[in-house]
Amino acid sequence: MISSRGFGTILVVMLLAGSAAAVDLDRLRVQRQEVFEFAEKPTVGRNGDMVTIRFAVREYCDATVAIEDENGKIVRHLASGVLGDNAPEPFQQKSLKQTIVWDGKDEVGRYVDGKDRCRVRVSLGLKARMERTSYWSPHKMAASGLGTYAQMQSAPEGVYVYFPGATEQLRLFDHDGNYVRTVYPFPRDKIERIQGLKYQPFPPDDERLPSKLLNHDQDTLLPQEGSQALAVQGDRICLAGEKILFLGTDGSSGGRNLEGPVVAYEAKGGDPGSETSFQPHRIAFSPDGKRIYLAGYTRRWTYNGHAQRTYLHGVNVVDLEGDLEMKPFAGLMKAEPEGVGAGDDRFTCPLGVACDMEGRVYVADNLNNRIQVFDPAGKLLKSIPAARPGMLQVDPTAGEIWVTSSDVIAGNQMAKLGVDHEKLRPVKPVLRVLGPFDDPREKALYELDVPIGDYYRYASVYDVVVEIDFHTTPPTVWTSVAPSARGDGHVRCAVRLWQPQEGKLVLKRDFSKQAGETLADPRPARFNRPRLWANPATGMAYLGLITPRTAVACKSFSQVIRLDPEQGTNRAEQMLTDAEDMGFDYHGYAYLRTFDSITRYDPSDWSEVPYDYGENRLVFHGQGGGGEKPFESDSACTLPSVIGGMFHMGGLGVAPDGTVVVSCINPASPLEKDRMREKGVRLDEQSSRYTPPLFPGRHLGWETHLFDKHGRLMQDDVVPGLGVSNFLELDRDHNVYVLAASTPYLDGKPYFNGRGCTLIKLKPGKMKALSPKATIPLSAETQPQRPLDMTRPGLWVEGAEWLFGPVGADGHYGSGGKCSCYVNGRFALDYYGRSFAPEVDRFRVVVLDTNGNVILRIGRYGNVDDGRPLIADGGPSAPRSIGGDEVAIMHCMNLAVHSDRRLLLADVGNDCIRSVKLDYHASETVPLRDVPDAAAKR
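Conventions we followed
Residues numbered from 1 in each chain as written. Predicted model: local features only at pLDDT ≥ 70, side-chain atom pairs only at ≥ 80, totals over all residues. Heavy atoms only, no water. Disulfide = S-S within 2.5 Å. Helix = DSSP H or I, 4+ residues; strand = E, 2+ residues; numbered from the N terminus. Pairing = 2+ DSSP bridges. Axes fitted to C-alpha atoms, helices over the stretch in contact; angles between N-to-C directions. Core = buried A, V, L, I, M, F, W, Y, C linked by side-chain atoms within 4.5 Å. Buried < 20%, exposed > 50% of the residue type's maximum accessible area, 1.4 Å probe, protein only. Contact = heavy atoms within 4.5 Å. Salt bridge = Lys/Arg side-chain N within 4 Å of Asp/Glu carboxyl O.

**Q** Even after reading the chapter, I still don't get the state of the cysteines, so can you show me in this structure?
**A** Chemically, a disulfide is nothing more than a covalent bond linking the sulfur atoms of two cysteines. Enumeration over the complete set of coordinates arrives at zero disulfides. With no disulfide of its own, C637 has C664 as its nearest cysteine by sulfur position, at a separation of 8.9 Å.

Take a look at the structure:
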């Protein structure tokens, strides 16, 4: 199979002259001068098919030259870059005057007919402007982790809804469920009022920016990720998990230090890497706001691969006006069996806590089937019978007790420890209304709409989260159900509003349904990895959400969302197979990549466009396709690759003419195969026959190959020794751009964020990477006599055109990382060869020309309400201006670009797509019909 593709097995030693310098700090600065004026406006000469363009500028700004048709569509992207000492071809270096020649051909080398209908455009000063917010709904569930559900808390001004998970959100809705604003991510105009917020100076000028380096995924400004509980009182918000976090309802920190006391308990035991702390899952303010009570302490862990939950059987209190020290309030903060009990001083799984207006503290003692009521000093006042109580609240006016029934998600663990097995039987989720403290008899009972058994039982603590909004008449019941595995309405968005009527809860509003009215698929992207591509032929954008119903660690998608950036519309389109990556050529054909194949399709109907030299075979990525069957391809391009760890495949880039560059995971040597097996990588020997050229210092296991538009191997092993990549691209001249999963050294010194990546431009066959940790070690003579260029696993890069970084991000292969589930940033390449790369930790996108010069940076920190767009439709109704380009970014790692039209940013931190209009500060056009053809006179 592999030999038919033209792969050889010859071992050679590669000797390449030259080396790529490590990243120079000065190269991080914007290189252009900010004067965008013509000293001489463009003039054009014609001689048959040859068109000569001349112009001059006043300063060394960036210039762009394009050939457009009569409708403004670009026929040929001639040149773009920063003029001056390092101006890219075909510009002349060190010259304000420029002469560019067009050979009369389009982007894929065909002569353009009807040149009189074309025009020359010369533009100065690339600029960006926020165009619109798209694919956004405030009612979409933002959390993407397993077993996560929304936490809710009512207040006079509305209901605060906190979505935990990898990119957390805290939003305010009014009492009818209409979106008001986002509290977290913090508003840009409140960021300076966050006390205790961590900041980081960024090179090259020590720019001070808020730090997202506090967690593994590097996607939050909060000092903990995924809080478990929420409480609101007055203008204060508390989030609890490992710690208590203090926020203000206005988006500040409410005058307190953001980071409060530790309220979790360390725990040991379980499979390696599975240890989690005991954290509170319900918290409640005292009516005077001076204390906060914490209950529902539990942790999730695994033993021999089986999920477990363990509980602590007590309630704690923190004095908010004192030293913020957490103290025991009632029960014992011990696990089974010593912590459990049925006496007045014991609990068995206290899952909920609430206070009434008199300051009394109510504790839902689940497995003892009672609610224990204490005074503020911890004295037991009353024991109220209640069947398996979970969450509870007290009506601040009537004093009625609203309490849910709830399972204890613990399997047989407690039964083994002596807890009566009958107590562990599943209960039907209901909501009971009991009378006030003096007469707590049952007054009403409502069934809760919960798909029993259809949620991740060990990932979730409660069957359903319930919040009673007592600020409406009658009270409104807000519910949130943990995402299920079936793909029904509950997985799409867990929040629903209910009205008690005649003994039943009548659905008032369904966030899932509302989000589905504007979004083709309102489910959150799995692993917060929404991928974007732009079709250069149509201008349509395609969004791969990776939202299948199977395979927990999936990284493939079987449908895409087609976005119309002009109209702001979207629709779902089903593909013939699932794929891990995609790309488009100049004609608009889509290339889908599985772990060992590339197939080509017409996206107008997703029919296959066969390769001339492909193979008839089944194609299927096999991880996360939602149960779809393999597709029998008429002609697939087969790759020497296997499925890698966490199913990331390293990238697919498509040149305008259909040439593709693709990264392949190939543990070719016995030593490397052993290493891959230790990491749990499945080895397919049929797909691993290719043996790469071996040389001292080579890092093995990943190769990158070029295939032509017919499906034939064009060149193998074009980035030897580089190893893991996050993404690849290919320009018109078949230069390769690779985002190496390794952080660059800056002026020979390590960058403080070891999870950044390095963008490298190279010519195939002219570059190699060397590692001191290679299978065949370097000798003293062959080892480069200079500091390393990149960190992982320690690399020198020889023969590359340039290196730039850090950009993007990588969660596994970068130093300090441990998992690549979420953290995989990418870049985009337009048809001028300009690289648009996310500087993830700087809340920006950097734009480079083909020589690696920084043209400009786009965006700044902000939440979804920040940035006033040109088009308001599709986004928040009252956006705030932040000045500049108005592009507000929280966490963007995936993007797409349509040359000179727009840049699209998948900002998972704001749970939306930002559409950015691309334009220029100055432009001049010359219609070719007005230019005499010298050849016609002869």
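Now, onward.
**Q** I tried to follow unusual backbone geometry on my own but got confused; where do I start?
**A** Excluding glycine, most residues fall at negative phi; most peptide bonds, likewise, are trans. Y184 connects to P185 through a cis peptide bond whose omega is 5 degrees. Locating P185 in the fold gives a position in the loop between β10 (179-184) and β11 (199-202). Here the residue pair R792 and P793 is connected by a cis peptide bond, since its omega of -10 degrees sits within 30 degrees of zero. Tracing the sequence through the fold places P793 in the loop between β54 (768-770) and β55 (796-798). Unlike most non-glycine residues, F843 shows phi in positive territory, near 60 degrees. When you line up the elements, F843 lands in the loop between β58 (835-839) and β59 (844-848).

**Q** What is the right way to look at the sheet that holds strand β24 (residues 361-365) in this model?
**A** Each strand in a sheet pairs with its neighbour through backbone hydrogen bonds, running either in the same direction (parallel) or in the opposite one (antiparallel). The strand order across the open sheet built from four strands is β23-β24-β25-β26, with neighbouring strands paired in antiparallel fashion. Only two strands of the sheet have a single neighbouring strand rather than two, namely β23 (350-355) and β26 (380-385). Along the sheet, successive strands turn relative to each other by an average axial angle of 20 degrees, direction set aside. Here five bridges tie strand β25 (residues 370-374) to β26, and the two strands are oriented antiparallel to one another. Directly across from V373, in β26, lies its bridge partner K382.

**Q** What am I meant to see in the nonpolar core here?
**A** Grouped burial of nonpolar side chains is what soluble globular proteins tend to show. With 40 residues, the main nonpolar core has L722, V736, I760, M767, M790 and F804 as its most contacted residues. Of all the secondary structure elements, the ones that give two or more residues to this core are β49 (725-730), β50 (736-740), β53 (757-762), β56 (802-807) and β59. In contact with F804, other than residues within four places in its own chain, are V23, R27, L28, C757, T758, L759, E839, V846, L848, G852, V854 and R857. Counting 28 residues, the second-largest nonpolar core is a separate cluster that includes F36, V51, A79 and W102.

**Q** Sorry, what's going on with the pairing of strand β38 (residues 569-579) here?
**A** Where a strand is regular, its side chains alternate between the two sheet faces. Pairing geometry for strand β37 (residues 557-564) and β38, over seven bridges, is antiparallel. From the neighbouring strand, F557 faces β38, where its bridge partner is A579. Between β37 and β38, which pair antiparallel and follow one another directly, the connecting turn spans four residues, one of which, G568, has a positive phi of 75 degrees.

**Q** In this structure, what is going on with the pattern of salt bridges? I would like to understand it.
**A** Where charged atoms from two side chains of opposite charge approach closely, those side chains can pair. Throughout the structure, instances matching the rule amount to 52 salt bridges. In this structure, the salt-bridge partner of E68 is R119, at a minimum N-O distance of 2.8 Å. Placement of E68 in strand β3 (residues 62-68) and of R119 in strand β6 (residues 119-134) is noted, with a sequence separation of 51 residues between them. For R119, a relative accessible area of 28% translates into the label partly exposed. Each of E68, R119, R121, D830, R834 and D900 takes part in a single network of salt bridges with overlapping partners.

**Q** Help me understand the sheet that holds β50 in this model?
**A** As summarised here, the arrangement of the four strands in space is β49-β50-β53-β56, forming an open sheet in which the pairing is antiparallel. Where the open sheet ends on each side, the last strands, each with one partner, are β49 and β56. Each adjacent strand pair in this sheet contributes to an overall mean axis angle of 15 degrees, direction not counted. Bridge count between β50 and β53: five bridges; the pairing is antiparallel. When the bridges of β53 are listed, Y737 appears paired with K761.

**Q** When you look at the side chain of Q153 in this model, what are you seeing that I'm missing?
**A** With respect to the helices, strands and loops of the structure, Q153 is situated in strand β7 (residues 151-155). Beyond its immediate chain neighbours, meaning those up to four positions away, Q153 contacts G158, V159, Y160, L230, A231, V232 and E467.

**Q** What's the story with the environment of L197 in this structure? I'm lost.
**A** Here L197 shows up in the loop between β10 and β11. Classification of L197 by relative accessible area gives buried; the value is 8%. In this structure, the C-alpha to C-alpha distance between L197 and S253, residues 56 residues apart in sequence, is 9.1 Å. For L197, the residues in contact, after removing those within four places along its chain, are F186, I191, P210, L221 and L258.

Remember that the coordinates give geometry; whether it matters functionally is a separate question.
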